[in-house]
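Here is what each chain is made of, one letter per residue.
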Amino acid sequence: MRRVIVLTSDTGAGHRSASRALVAGARASPERALDLVELDPYRADDPFWAAFGASDADRSSVNGGPIDAFADRVVSWYGAVIRHAPWLWGVAYRLTAIPGGTAAYHAVYGRTVADRIHRAITLAGATAVVSVHPLCTRAMAVGAGGLPCAVIVTDLVDVHPFWAGHPGARHVVSTPEAAGALAHFGVAPGRITTIGLPLRPAFARIDHTAREMRQRLGLDPDRDVVLFMGGGAGAGEIGRAHV
């Protein structure tokens, strides 16, 4: 059984959905002999550490100073910021997208996250690492050493440069636009595969036609339905959206 660590973080539900889809897919295909385990390297209290029997020394190595402590708060602050000050998250997104901002972020926090990834690989005996979160990708390049790595890009069109933090990894994208953005950021086209997003096995089954589902939901079966979604966390005021 080959163990693979999937790097994710709860800054929005999409990244966690992608990682859980990968885990579920591996469990649904035991013939592949893959054991996928999730890790949020931005949380010193992530369940991963307890699951693999991290010692006190291990725990101190992943929560050892003010930089580490601040990194641990990034995830917990995300929900409040996008609800009450979305402009602040937008500023951070844009600042980190410029070359100087990207370098500054990783100079301050990159070592903390890379050290946690390296420690997790050692504890779990992992043979490969996958990132489904842009904040994990460059740290994966450092922390994973020479292990095989892959990046599942969840951005569809407007791709953040952080996704290209490990140019030597295999990158999986959903659209030609995302593939083009990665190539622009320096990822070799031969390392980019356009096949779509991970999907949990339960969503791959179609038991009813679209017309039947409209009838079951009490909708007009002869009219098309448009579903507006604002993320799995339900943030923002999507009820005010209109076309």
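This report concerns the structure included in the present document. (Residues numbered from 1 in each chain as written. Predicted model: local features only at pLDDT ≥ 70, side-chain atom pairs only at ≥ 80, totals over all residues. Heavy atoms only, no water.)

1. A look at the nonpolar core
Judged by nonpolar contacts, the single largest core of 38 residues is most densely connected at Ile 5, Leu 7, Phe 48, Met 140 and Leu 182. At the level of elements, β1 (2–7), β2 (34–39), α2 (47–51), α6 (99–124), α7 (134–143), β4 (149–152) and α8 (176–184) are the ones that each hand at least two residues to this core. The element best represented in this core is α6, accounting for eight residues. Ignoring anything within four residues of it in the chain, the contact list for Ile 5 reads Val 37, Leu 39, Phe 48, Ala 120, Ile 121, Ala 124, Ala 126, Ala 128, Val 129 and Val 130. Residues Val 6, Val 132, Ala 150 and Ile 152 belong to the second largest nonpolar core, which totals twelve residues. (Core = buried A, V, L, I, M, F, W, Y, C linked by side-chain atoms within 4.5 Å. Buried < 20%, exposed > 50% of the residue type's maximum accessible area, 1.4 Å probe, protein only. Helix = DSSP H or I, 4+ residues; strand = E, 2+ residues; numbered from the N terminus. Contact = heavy atoms within 4.5 Å.)

2. A closer look at the side chain of Thr 8
When you line up the elements, Thr 8 lands in the loop between β1 and α1 (13–27). Given a relative accessible area of 0%, Thr 8 falls into the buried group. In this structure the side chain of Thr 8 is engaged in a polar contact, spanning 3.3 Å, whose partner is the backbone oxygen of His 15. Ignoring any residue separated from it by four or fewer positions in sequence, one finds Thr 8 in contact with His 15, Arg 16, Ser 19, Glu 38, Leu 39, Asp 40, Pro 41, Val 132, His 133 and Cys 136. (Polar contact = N/O pair within 3.5 Å; in protein donor to acceptor, adjacent residues only side chain to side chain.)

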